[in-house]
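# Report on the structure
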Amino acid sequence: MLAFVVSPVREIERSDSPLKRVEERLDVPRAFDETILHLARFIASYYICTLGEALDAAVLAGAVPRMREWIVRGGVPVPGRFRVPARLLRLIWEELPERFAFDALLRHPEARRTGDRGTLMRYVQALVRGGALRRERSVGEARTREYRIRVLEPGDAAIKGKKAQALVEFVRERGGPVPRADAVLAGFSNAVIARAVAAGALNEREIVPSHERTAGVAPEPPPATAEQRRALDAIAALLDAGAFGETLMYGVTGSGKTYVYIETIKRVVREGGRAIVLVPEISLTPQTARQFESVFGERVAVLHSALSERERFDAWQACVAGEIEVVVGARSAVFAPLRDVRLLVVDEAHESSYKQDNVPRYHAVAVARERMRLEGGVLVLGSATPSVDSFAAATNGKIGLIVLRERATNLPLPAVRVVDLSKEFEAGNRGIFSPPLVQAISSRLERDEKCVLLVNRRGSAGFVLCRSCGTVPECPRCSVALASHRSEGLLRCHYCDHQMPIPQRCPKCAMETIKEFGVGTERVAEEVARLFPRAHVVRMDSDTTTRIGDHARLLRAFEEDGDVLVGTQMVAKGLDYPTVTLSAVVAADIGLHLPDFRAAERSFALIAQVCGRSGRARPGEAIVQTYSPEHPAIVFAATHDYDGFAAHELEERAALGFPPARRLIYLGVIGRSPTRTHDLAARYASLLRDAVEGEVLGPSPYPVARVNAEWRYRVAIKTRKPAAARAAIRERVLPIAHGEREARLAINVDP
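Residues numbered from 1 in each chain as written. Predicted model: local features only at pLDDT ≥ 70, side-chain atom pairs only at ≥ 80, totals over all residues. Heavy atoms only, no water.

If you look at the biggest cluster of nonpolar residues, it comprises 116 residues, and the most contacted ones within it are Val-327, Phe-335 and Val-346. Per element, the largest residue contribution to this core is eight residues, and it comes from helix H1 (residues 34-46). Beyond its immediate sequence surroundings of up to four residues, Phe-335 is in contact with Ile-36, Leu-39, Ile-43, Ala-57, Ala-58, Trp-316, Tyr-362, Val-367 and Arg-371. Ile-235, Leu-239, Met-249 and Val-302 belong to the second-largest nonpolar core, a separate cluster that totals 28 residues. (Core = buried A, V, L, I, M, F, W, Y, C linked by side-chain atoms within 4.5 Å. Buried < 20%, exposed > 50% of the residue type's maximum accessible area, 1.4 Å probe, protein only. Helix = DSSP H or I, 4+ residues; strand = E, 2+ residues; numbered from the N terminus. Contact = heavy atoms within 4.5 Å.)

For the rest of this paragraph, the subject is helix H7 (residues 162-174). Here H7 spans 18 Å end to end across 13 residues, near enough to the 18 Å set by a 1.5 Å rise per residue. Listed as buried for H7 are Ala-164, Leu-167, Val-168, Phe-170 and Val-171. Across the axial projection of H7, the buried residues extend over an arc of 155°, all falling on one side. What points out from H7, more than 90 degrees from its buried face, is the exposed set Lys-162 and Glu-173. If you follow the buried residues of H7, they end up packed against strand S4 (149-154), strand S5 (178-179), helix H8 (180-185), helix H9 (190-198) and strand S6 (202-207). Immediately beyond the C-terminal end of H7, within one or two residues, lies Gly-175, with a positive phi of roughly 70°. (Expected span 1.5 Å × (residues − 1). Arc of directions from axis to C-beta.)

So, on to the sheet that holds strand S26 (residues 694-707). The strand order across the open sheet formed by four strands is S26-S27-S25-S28, and the pairing between neighbours is antiparallel. Two strands lie at the open edges of the sheet, namely S26 and strand S28 (743-749), each paired on one side alone. Between one strand axis and the next, the sheet turns by 20° as a mean value, whatever way the strands run. Here strand S25 (residues 663-671) pairs with S28 via seven bridges, running antiparallel. Bridge pairing in S28 places Gly-668 opposite Ala-746. Sheet strands in contact with helix H24 (residues 722-738) are S25, strand S27 (710-719) and S28, and its direction is about 15° off that of S25. (Pairing = 2+ DSSP bridges. Axes fitted to C-alpha atoms, helices over the stretch in contact; angles between N-to-C directions.)

This next bit is on the pattern of salt bridges. Two side chains that carry opposite charge are able to pair once their charged atoms sit near each other. Applying the stated criterion to the full structure yields 38 salt bridges. Close ionic contact of Glu-325 with Arg-299 constitutes a salt bridge, the shortest N to O distance being 3.4 Å. You can see Glu-325 sitting in the loop between helix H13 (309-320) and strand S10 (326-329) and its partner Arg-299 sitting in the loop between helix H12 (286-296) and strand S9 (300-303), a full 26 residues away along the chain. Its relative accessible area of 4% is what places Glu-325 among the buried residues. With relative accessibility at 10%, the residue Arg-299 sits in the buried group. The closest approach of N and O atoms between Glu-649 and Arg-653, which form a salt bridge, is 3.2 Å. (Salt bridge = Lys/Arg side-chain N within 4 Å of Asp/Glu carboxyl O.)

Take the packing of H1 against helix H14 (residues 364-375) next. Running from amino to carboxyl end, H1 crosses H14 at an angle of 135°, the nearest separation of the two axes being 10 Å. By the angle class used here, H1 and H14 are oblique. Handedness of the H1/H14 crossing: right-handed. For the pair H1 and H14, the contacting residues are Thr-35, Ile-36, His-38, Leu-39, Phe-42 and Ile-43 in the first and Ala-366, Val-367, Glu-370, Arg-371, Leu-374 and Glu-375 in the second. Residues of the contact of H1 with H14, tallied by class, amount to seven nonpolar, two polar and three charged. (Parallel < 35°, antiparallel > 145°, perpendicular 65-115°, else oblique. Left-handed = near helix turned anticlockwise from the far one by under 90°. Nonpolar A, V, L, I, M, F, W, Y, C, P; charged D, E, K, R; others polar.)

Bringing the side chain of Arg-726 into the picture now. Relative to the assigned elements, Arg-726 resides in helix H24. Despite its burial, Arg-726 pairs with no opposite charge; the closest candidate is Asp-750, at 6.2 Å N-O. Leave out the neighbours within four places in its chain, and Arg-726 touches Ser-45, Tyr-46, Ile-48 and Ile-665. (Lys, Arg positive; Asp, Glu negative; His and termini not counted.)

This part takes up the sheet that holds S6. What the three strands build is an open sheet, ordered S5-S4-S6; its pairing is antiparallel. Only two strands of the sheet have a single partner each, and these edge strands are S5 and S6.

It is worth spelling out a negative patch on the surface at this point. A surface patch of like charges, here negative, comprises Glu-169, Glu-173, Glu-559, Glu-560 and Asp-561. Elements that contribute at least two residues to the negative patch include exactly H7 and helix H19 (550-561). Ranked by the residues each element gives to the negative patch, the list is headed by H19, at three residues. (Patch = residues over 30% accessible without salt bridge, like charges linked within 9 Å, V, L, I, M, F, W, Y side chains within 5 Å. Areas by Shrake-Rupley, 256 points an atom, 1.4 Å probe, with all protein chains shown as cover. Charge placed at Lys NZ, Arg CZ, Asp CG, Glu CD.)

Our next topic: the packing of H1 against helix H2 (residues 51-58). Their axes nearest at 8 Å, the elements H1 and H2 cross at an angle of 130°. Taken together, the axes of H1 and H2 lie oblique to each other. H1 and H2 meet at a crossing whose hand is right-handed. In this structure, H1 contributes Ile-36, Ala-40, Arg-41, Ile-43 and Ala-44 to the contact, and H2 contributes Leu-51, Ala-54, Leu-55 and Ala-58. Here the residues of the contact of H1 with H2 sort into eight nonpolar, no polar and one charged.

Nothing here speaks to function; it is geometry throughout.
As structure tokens, this is what we get:
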């Protein structure tokens with residue numbers, strides 16, 4: 001096994017567990033520096049995980065040498081000595097080489113007929129124990145540091161095919177060598193690229209970027225607005241102070257927050273500093289990458305999912321060598337190994353994607369804050385709909401506050417119309433769309449303008465129900481109803497992906513009274529196509545964006561000849577098209593009433609963000625359809641009143657003891673046995689009630705009590721002294737959890 005050295009050599013008197021012998025020190029590039037080690041220790045302490053788990057998140061996977069395991073034949077095994085099929089013995093001793101990898105055995109058809117991966121591993125282990133085989137391990141060669149990227153250039157040959165021709169045109173329009181990863185991110189598949197290269201329509205080669213201090217080809221930006229100038233001055237004052245500073249930049253959609261980021265980074269770079277920009281997901285907003293690349297040229301590293309592991313590693317090493325001044329990327333870019341980072345920007349800082357949902361469950365904003373505190377830099381949190389926690393910190397004077405209330409184009413925010421669906425139902429309307437929304441879509445299509453429709457659920461319906469006996473098909477492994485995906489003819493679980501055909505008859509009473517209930521993106525797109533047959537409808541959800549680059553491909557299709565974009569929450573982020581003059585929330589109640597104290601906040605942010613897609617270059621409007629027109633999230637979003645919503649939400653949370661009034665920690669206990677899992681959670685809760693100052697609630701089932709055949713119970717801790725609560729968990733709960741085999745512990749600090 002591989003391990004990191006994290007401290008000087010020291011002697012210890014004894015150890016509670018046996019120590020492993022250090023066999024060899026590998027001569028490989030350094031995986032992390034003191035800054036990253038400090039951040040990993042912060043994560044381990046704050047989020048209650050091991051230092052190894054924290055380093056797994058902080059260290060780039062490509063920086064760790066790969067261990068390869070080989071299986072080597074010994075003597076010929078005596079027949080009947082091992083309980084191993086004879087055909088597997090013949091395969092190992094007659095067809096495979098003397099030294100082979102276990103994966104080579106797995107890939108062999110004869111081996112697959114013998115058993116699955118676990119079965120084959122047991123057979124191999126039996127042969128190793130008997131001395132017929134032995135296992136050897138080797139470490140892969142260290143990568144070099146030289147930063148190379150694969151690029152595409154126009155070739156001389158012609159090529160047929162619409163996609164391939166569009167790819168060639170994309171490369172020609174960009175001018176000069178185009179990074180292959182940019183083409184993938186733009187929506188062109190690896191297969192299309194390979195075909196164009198094989199045909200000679202494109203040439204592919206590796207280059208070493210020059211990293212010269214030259215700007216890109218960005219057009220001259222427009223003059224700053226008065227609000228943008230005030231924002232630039234406020235951040236400049238924090239930078240001039242030369243110490244840690246944090247500010248919230250609350251700017252309405254279209255107010256030009258990205259302009260402020262870029263102009264501030266220009267100043268930081270001129271003065272010899274460096275900057276990191278975090279975005280929720282770079283593949284969702286490829287224009288973000290282009291903006292920074294056009295300004296900072298090859299001194300910027302944009303880290304996204306279209307890069308190969310080698311390209312990410314090379315970019316990481318270029319950061320170490322000082323060849324990179326600006327890093328743009330998603331959550332993990334907070335660990336970029338840059339020196340002298342003076343500015344760290346978190347764009348759309350309210351986004352839930354900044355919180356990692358597996359161990360270590362860190363939040364990138366908290367890690368960014370710790371990094372800037374360590375380096376004496378400035379942290380800027382940008383959002384059109386800030387989290388109420390950060391807004392409370394800003395209004396209480398704990399951090400700075402910059403407000404941009406006007407759009408950079410001087411156009412007003414769109415007028416929002418709320419449609420009460422309960423009144424539509426009373427009037428006899430059983431359709432998805434209200435008459436005002438149908439009329440609004442129709443008028444946009446007549447004027448060659450575009451529409452964006454949000455429904456935050458994929459599929460064609462939330463569930464199907466038998467109207468005769470009330471049966472709802474459920475997932476056999478999860479405590480949820482199966483969602484209907486009519487285009488596939490399937491019912492699917494959105495947790496474990498269990499699938500079954502949509503039944504024509506009820507599986508319980510055999511009546512043909514199965515009906516879909518609820519609404520999803522697939523059904524909305526079908527309804528738009530039915531009402532407006534000539535409209536080009538583009539659907540964007542996790543079912544249509546399974547590959548890298550699908551987001552960009554769909555957005556390009558919408559931009560070029562699309563009329564209506566239907567999608568989940570991904571259509572609410574970063575879209576800026578001048579001809580979008582209508583945005584609508586088809587079913588605002590989805591997510592509004594979830595058993596989650598942040599449900600109203602997330603719904604408000606989603607509605608406000610999607611409404612902000614409209615009218616960015618010409619006057620526009622927005623429509624919100626809901627059964628809850630009086631809900632505060634709906635009322636405040638319809639009037640673009642974030643301040644009013646935040647004040648109302650903070651008052652409710654203070655009354656109920658939720659963040660930011662008190663801090664929250666969840667202890668999840670997950671196991672196969674519901675009784676054992678519940679009893680263990682109850683034991684943890686009992687131990688903590690005697691040690692924590694505050695409330696210890698539960699255990700209670702998760703909102704979805706069973707996922708993938710595992711039962712889930714949760715203990716909630718509300719406290720004003722989170723450090724003491726974390727210490728109590730370490731002292732009282734972790735020693736028991738480490739020895740528990742029937743259920744595992746999932747700790748979520750600041751959920």
